[in-house]
Amino acid sequence: MPGGRLTQQERQQIALGLADSLPYAEIARRLDRPTSTVTREVMRNGGPTAYRADLAHRATERRAHRHGPAAPRGTRPAPQPHGRDAEALIEYEESLTAVLMASGLPKMGARVLTCLFTTDAGSLTAARLAERLQVSPASVSKAIAFLESQSLVRRERDERRRDRYIVDDELFYQATIASARANDRLVETARQGVAVLGAHTPAAARLENIARFLDFISESIVRAAEQAREVLRTAPGTPPGTPPDEP
């Protein structure tokens, strides 16, 4: 399997594959590259609808020039806890960030969330996030504000009165419920439009159908989240329905 940086010809093949609506895995197969390489390349350069091969190639050259010469062969990243492969971890973090961006998160929010997800403690201070991501504290603060608004992180004060930003299993439940509640507000607003437009008009019928659809979706999401919540309270590999351990 070829390694190293993507060539301009490979980027042109990626652009053609995106134009043909091919999945990343198929584009990667045709290039004999890992799917994560293609995913990361596309998400770093505008996403699937804005990717341009020439622009992506020039951007990569600029980044390479800015970062200076590559590390000498044989240079290895710092050792990782639990015997993890440091290079594989970096590759995974970049892939997870790309997937989170594809789901709608802004780039910095996706990077922060990835950093928290892959930290054993599940929590970091703003200073540690800025250090690990090599960005300004202001960038971290803006990303955290967005993630908090989506119920994707929470903050606590530690013993040194520093804010720590935390991801834990319960946040997935809270974020799912928050998403359902956002749908509820849209349902309410759509039904207000029915009254304004007149109950028997085509426009009102359209809004009522949207409201009914979203109402059903919200109820289903909340019901499924409540039923699945026990999964977050049990250890991996525990059969569903097993009571959680007593504290």
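In what follows, the structure referred to is the one given above.
In this text, all values refer to a predicted model and were calculated from it rather than measured experimentally.

Caption draft 1: Representation of unusual backbone geometry. Positive phi, normally seen in glycine, also occurs at D32, with a value near 60°. Residue position: D32 is located in the loop between α2 (24-31) and α3 (35-44). Not every positive phi belongs to a glycine, and Q134 is a case in point at roughly 55°. Tracing the sequence through the fold places Q134 in the loop between α7 (126-133) and α8 (137-149). Given a relative accessible area of 73%, Q134 falls into the exposed group.

Caption draft 2: Seen up close, the side chain of T114. Tracing the sequence through the fold places T114 in helix α6 (residues 107-117). You can call T114 buried: its relative accessible area is 2%. The residues touching T114, leaving out its near neighbours within four places in the chain, are E93, L96, T97 and L100.

Caption draft 3: Structural detail: the nonpolar core. Counting residues in each nonpolar core, the largest one holds 34 residues, and the members touching the most others are I14, V38, V112, L116 and L129. For this core, the elements supplying multiple residues, two or more each, are α1 (8-19), α2, α3, α5 (86-102), α6, α7 and α8. Among the elements that take part in this core, α6 stands out by supplying 5 residues, more than any other. Discounting chain neighbours no more than four positions away, the residues touching V112 are L129, L133, A143, I144 and L147. I177, A180, V222 and A225 belong to the second largest nonpolar core, which has 5 residues in total.

Caption draft 4: A look at the pairing of strand β2 (residues 154-157). Of the strand pairs in this sheet, β2 and strand β3 (residues 163-166) are connected by 4 bridges, and their pairing is antiparallel. Considered in β3, the bridge of E156 is made with R164. The antiparallel pairing of β2 with β3 creates a hairpin that spans 5 residues between the two strands, and R161 there sits at a positive phi of about 60°.

Rules used in this analysis
Residues numbered from 1 in each chain as written. Predicted model: local features only at pLDDT ≥ 70, side-chain atom pairs only at ≥ 80, totals over all residues. Heavy atoms only, no water. Helix = DSSP H or I, 4+ residues; strand = E, 2+ residues; numbered from the N terminus. Buried < 20%, exposed > 50% of the residue type's maximum accessible area, 1.4 Å probe, protein only. Contact = heavy atoms within 4.5 Å. Core = buried A, V, L, I, M, F, W, Y, C linked by side-chain atoms within 4.5 Å. Pairing = 2+ DSSP bridges.

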